[in-house]
Amino acid sequence: MTERTLVLIKPDGVQRLLVGRMISRFEERGLKIVGLKLVAVDRALAERHYAVHRAKPFFGGLVDFITSSPLIAIALEGPSAISVVRTMVGATRPHEAVPGTIRGDFALETAQNLVHASDGAETAAAELALWFSPAELVDYERDIDRWALAAAD
Ligand code: CMP
């Protein structure tokens, strides 16, 4: 099933000059970029995005971190995009992430794990609506899809 999901390349990814390499991985897999922007995140947006973690001891540090420098927000579309992207990103704790995943190749610390990816259909819908206006999510055809993807299901 074709899905859309949200990816954030967090401030550590931007500061470590890994943005292009991470976007390349998603593109090369066949996922379609349907939204993309650089965002200087304010605390209100950060707290809404991570609201589910509000009671956790690391919440304050997490909000400090995600607002410390700009991040890249990406909306990706493709077959089973939500689980495909989660698998590509790897385990939340980078020391448990397997090589070949983004965190398994580039990260070591949970607090600086480079990427956020939506973890389910409901979360993806809510997070995409939080980070992108409807006009910022663009429908378009890619000529490569007749080579990379089967007919739409
Ligand atoms: P993310 O996938 O963005 O979702 C929640 C984030 O909270 C997670 O990645 C980590 O960056 C962060 N996080 C989770 N557990 C911890 C922790 N124990 N200490 C600090 N940050 C954490």
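See the structure shown above.
So, here is what we can say about the structure in this document. (Residues numbered from 1 in each chain as written. Predicted model: local features only at pLDDT ≥ 70, side-chain atom pairs only at ≥ 80, totals over all residues. Heavy atoms only, no water.)

## Points about the site of the ligand
- If you check the shell around the ligand, you find Lys10, Tyr50, His53, Phe58, Leu62, Thr92, Arg103, Thr110, Ala111, Asn113 and His116 and nothing else.
- Within the side chain of Lys10, an N or O atom sits 2.8 Å from an oxygen atom of the ligand.
- A distance of 2.6 Å separates an oxygen atom of the ligand from a polar side-chain atom of Tyr50.
- In isolation the ligand has 460 Å² of accessible area, and contact with the protein removes 76% of it. (Near = heavy atom within 4 Å. Polar contact = N/O pair within 3.5 Å; in protein donor to acceptor, adjacent residues only side chain to side chain. Areas by Shrake-Rupley, 256 points an atom, 1.4 Å probe, with all protein chains shown as cover.)

## What about the layout of surface pockets?
- Of the pockets and cavities examined, the largest pocket occupies roughly 640 Å³.
- If you go around the largest pocket, you meet 25 residues; those closest to its centre are Tyr50, His53, Leu62, Thr92 and His116.
- Taken together, the elements giving at least two residues each to the lining of the largest pocket come down to helix H3 (43-49), helix H4 (59-66), strand S4 (115-117) and helix H7 (121-131).
- For the lining of the largest pocket, the element with the highest residue contribution is H7, accounting for four residues.
- Grouping the amino acids of the lining of the largest pocket by side-chain chemistry returns 11 nonpolar, eight polar and six charged. (1 Å grid on protein atoms, 1.4 Å probe; cavity = no way out; pocket = protein on both sides within 12 Å on 5 of 7 lines; lining within 4 Å. Points joined across faces, edges and corners; volume = space filled by probe spheres on them. Helix = DSSP H or I, 4+ residues; strand = E, 2+ residues; numbered from the N terminus. Nonpolar A, V, L, I, M, F, W, Y, C, P; charged D, E, K, R; others polar.)

## Thoughts on unusual backbone geometry
- Positive phi, close to 50 degrees, is recorded for Ser80, a residue that is not glycine.
- Taking the relative accessible area as the measure of exposure, Ser80 reaches 32% and is therefore partly exposed.
- One non-glycine residue, Leu114, adopts positive backbone phi at about 70 degrees.
- Inspection of the secondary structure puts Leu114 in the loop between helix H6 (102-106) and S4. (Buried < 20%, exposed > 50% of the residue type's maximum accessible area, 1.4 Å probe, protein only.)

## Let's talk about the sheet that holds strand S3 (residues 71-79)
- In space, the four strands of this open sheet follow the order S2-S3-S1-S4, with antiparallel pairing throughout. In this open sheet, the two edge strands, each paired with only one partner strand, are strand S2 (32-39) and S4. When strand polarity is set aside, the average angle formed by the axes of neighbouring strands in this sheet is 20 degrees.
- Relative to S3, S2 runs antiparallel, the two sharing seven bridges. Counterpart to Leu36 in the pairing with S3 is Ile74.
- Each of strand S1 (2-9), S2, S3 and S4 touches H7; the most contacted strand, S1, lies at about 55 degrees to it. (Pairing = 2+ DSSP bridges. Axes fitted to C-alpha atoms, helices over the stretch in contact; angles between N-to-C directions. Contact = heavy atoms within 4.5 Å.)

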